[in-house]
Amino acid sequence: MYRGLDIGTAKPDLETLTRVPHRGLDLVVPGERYSAGRFARDAAGWIAEVRAAGREPIVVGGTGLYVRAFAEGLFREPPFDPERRDQLRRWSESLEGTDLARWAGRLDPAFLSGGRQRAARAVEVALLTGHALSWWQREARESGTLRPWYIHLTVPREVLHRRLAARVDQMLAAGLVAEVRRHLDAGVAPDAAGLDGIGYREVIAMLQGQLAEGALRDAILIATRRYAKRQETWFRNQLRGEAGRGKGEGVWMLDASESASVLAHQIVGRWKSITLPASPVPLPGL
């Protein structure tokens, strides 16, 4: 979603964008906040545009909170006092990331991990409303945009680790360090929203002398593996309850070890079996 942060986010190249129209790219500049709630509202508009054009929308990604916000809705936020909110935001920004995460965990036991923005959000909601963010998400949820059919792509652990390692190597070879340096030279703060993502924060630590250059690759890879494990846990636990609600709904586990073309044919075949009306049975004598 951040303009200019292309390599570390693995944005699709021009050839891919020409073949498959995308939405949700290059929405904001680094440093600007972009929330799951804002994504849910924006995505609803994109879905309407895609359907109006006679196409089928496919939502692709691995950020569980954004998926849930879009599909199931987030809570209806109460009004906040602007002055108190600004004071709290300044206080949050003065804390180290680990201290901010510690506060988030104290105020909301359901907060497990996340970047500065997510931790600050948990602190803000808890202190300004008297209820934890998880309470609001459970008790004051708005309706979502659609009833999704989830395709959960999974691969054996050794295959996943090989792919993650290859991706880190590709990002570094493509100029990830130079991409980060350009934004810092342009005046973007090292802890700005967008630059706190995996890959970017490790490069910044190296540029600031907190991480040896030779340790950069492994640091990014370790962080990526940990994130992939959290994603797997989230989707396994959160989406499994969606399964079995009816024909075509729920979660389809699909081994992604096959080539992209094979997977595409499998998905399309399953989708047609779900959505196309059954052929009428001819009546006797007709």
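Residues numbered from 1 in each chain as written. Predicted model: local features only at pLDDT ≥ 70, side-chain atom pairs only at ≥ 80, totals over all residues. Heavy atoms only, no water.

A. A look at the packing of aromatic side chains. This structure, assessed with the given rule, holds 5 aromatic pairs. Ring geometry for Phe-39 versus Trp-46: centroids 6.1 Å apart, planes at 65°, classification edge-to-face. Take Phe-39 and Trp-46: they sit in the same class, and that class is buried. Aromatic side chains Trp-149 and Trp-271 sit 5.6 Å apart centroid to centroid with 20° between the ring planes, which places their arrangement in the stacked category. (Phe/Tyr/Trp six-rings, centres within 6.5 Å; stacked < 30°, edge-to-face > 60°. Buried < 20%, exposed > 50% of the residue type's maximum accessible area, 1.4 Å probe, protein only.)

B. Expanded view of the confidence of the model for the protein chain. This prediction gives the protein chain a mean pLDDT of 84; 86% of its residues lie at or above 70. Element-level mean pLDDT values for the protein chain span from 73 in helix α7 (residues 133-139) up to 97 in helix α9 (residues 176-185). Counting contacts from residues 241-248, a segment whose pLDDT is below 50, to residues more than four positions away or on other chains yields 14 contacts. (pLDDT = per-residue confidence, 0-100. Helix = DSSP H or I, 4+ residues; strand = E, 2+ residues; numbered from the N terminus. Contact = heavy atoms within 4.5 Å.)

C. Up close: a nonpolar patch on the surface. Together, Trp-91, Trp-103 and Leu-127 give the surface a local cluster of nonpolar side chains, amounting to about 250 Å² of exposed area. Relative to the elements of secondary structure, Leu-127 occurs in helix α6 (residues 116-129). Given the relative accessible area of 36%, Leu-127 is considered partly exposed. (Patch = residues over 30% accessible without salt bridge, like charges linked within 9 Å, V, L, I, M, F, W, Y side chains within 5 Å. Areas by Shrake-Rupley, 256 points an atom, 1.4 Å probe, with all protein chains shown as cover. Salt bridge = Lys/Arg side-chain N within 4 Å of Asp/Glu carboxyl O.)

D. Local environment of the pattern of salt bridges. Going through the model one piece at a time under the given rule, you end up with 11 salt bridges. Here Asp-6 ties to Lys-11 by a salt bridge, and the two come within 2.8 Å at their closest N and O atoms. Using a relative accessible area of 36% as the deciding quantity, one classes Asp-6 as partly exposed. You can call Lys-11 buried: its relative accessible area is 18%.

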